Amino acid sequence: SYLNGNFGKIGELDPLLVASFFSIDRLWDKENLDMIVNENDITVLDRYVGSNMYHQGCMVEINQLNNFCMKIKELEYDVYELRVPDITIWIDNGKDGKPINLRTLIHNDNKKDLHEKNVGYQLKAYETIKEVAKLEGWQKIALFDESGDVRRIEDMVTDAVSIINYFM
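Every chain is numbered independently, its residues counted from 1 as its sequence is written. Residue-level local features of this predicted model are given only where pLDDT is at least 70; pairs of side-chain atoms are given and counted only at 80 or more, and the full residue set underlies all totals for whole chains, interfaces and linings. As a convention, hydrogens and water are excluded, and side-chain values are obtained from all of the structure's heavy atoms.

**Q** Got a sec to walk through unusual backbone geometry? Specific residues and values, please.
**A** Although it is not a glycine, arginine 47 sits at a positive phi angle of roughly 60 degrees. Counting from the N terminus, the helices are DSSP H or I runs at least four residues long and the strands are E runs at least two residues long. Within the fold, arginine 47 resides in the loop between helix 2 (30-39) and helix 3 (49-57). In this structure, aspartate 96 takes a positive phi of about 55 degrees despite not being glycine. Its location among the elements puts aspartate 96 in the loop between strand 2 (94-95) and strand 3 (98-99). For aspartate 96, a relative accessible area of 77% puts it in the exposed group. Exposed residues in this analysis have more than 50% of their type's maximum accessible area, buried residues have under 20%, and partly exposed residues fall in between, with area computed by a 1.4 Å probe over protein chains only.

Take a look at the structure:
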């Protein structure tokens, strides 16, 4: 409902409140997530806790970002007891200093949610993810090669496997 704009425009709600919406979604599915993690050696989760840190973190002042991320981790890991990831890998979707919408690029899908429709928000979120990645020690995989073309999926998977092997 939030991403459909049912609660107002971006920035009208407290970012911790918005973060709690996404946290509760994960809590709601915690039993299933735990089962998947317990049954597999490696589990890949898209848009997990880190996503909340930067999507909502771009609504706070940069000097408050670390404190904001700590509050999200406290809520999700300590209160809700969600699993702390061993590794967080982010795909850097920046090209020429600007984020490229992956849904449009990969799926040729023009359906955009509240965040995807707002170019200013996208730019701020892109800058914030780079800061959160530094704060949290995330590993980066580039979506684009040096010539500006989308890298082959096989090459990005190879990068991910190398990162996982390094940390395992």
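Resuming the write-up.
**Q** Go over the nonpolar core, please, and point to the residues and values.
**A** Core analysis: the largest hydrophobic core is formed by 23 residues, its most contacted members being Met53, Val132 and Trp138. If you list the elements that add at least two residues to this core, you get helix 3, helix 4 (65-79) and helix 7 (119-136). Among the elements that line this core, the one with the most residues is helix 7, at 6 residues. When residues no more than four places from it in sequence are discounted, the contact partners of valine 132 are Met53, Tyr54, Leu65, Cys69 and Trp138. In this structure, Ile141, Leu143, Met156 and Ile163 belong to the second largest nonpolar core, which totals 6 residues. Throughout this description, the term nonpolar core refers to a set of buried Ala, Val, Leu, Ile, Met, Phe, Trp, Tyr and Cys residues connected via side-chain atoms within 4.5 Å. The criterion used for residue contact is that any of the two residues' heavy atoms lie within 4.5 Å.

**Q** Explain a nonpolar patch on the surface to me, and be specific about the residues and the numbers.
**A** Patch definition: residues above 30% relative accessible area lacking any salt bridge, with like charges linked at up to 9 Å and the nonpolar side chains Val, Leu, Ile, Met, Phe, Trp and Tyr linked at up to 5 Å. Surface accessibility follows the Shrake-Rupley procedure with a 1.4 Å probe radius. Residue values consider only the protein chains on display as shielding. Within this document, salt bridges are pairs made up of a side-chain nitrogen of Lys or Arg and a carboxyl oxygen of Asp or Glu, the two lying within 4 Å of each other. A contiguous nonpolar surface patch, about 360 Å² in accessible area, is contributed by Ile42, Val44 and Met168. Looking at the element boundaries, methionine 168 is found in the segment after helix 8 (153-167).

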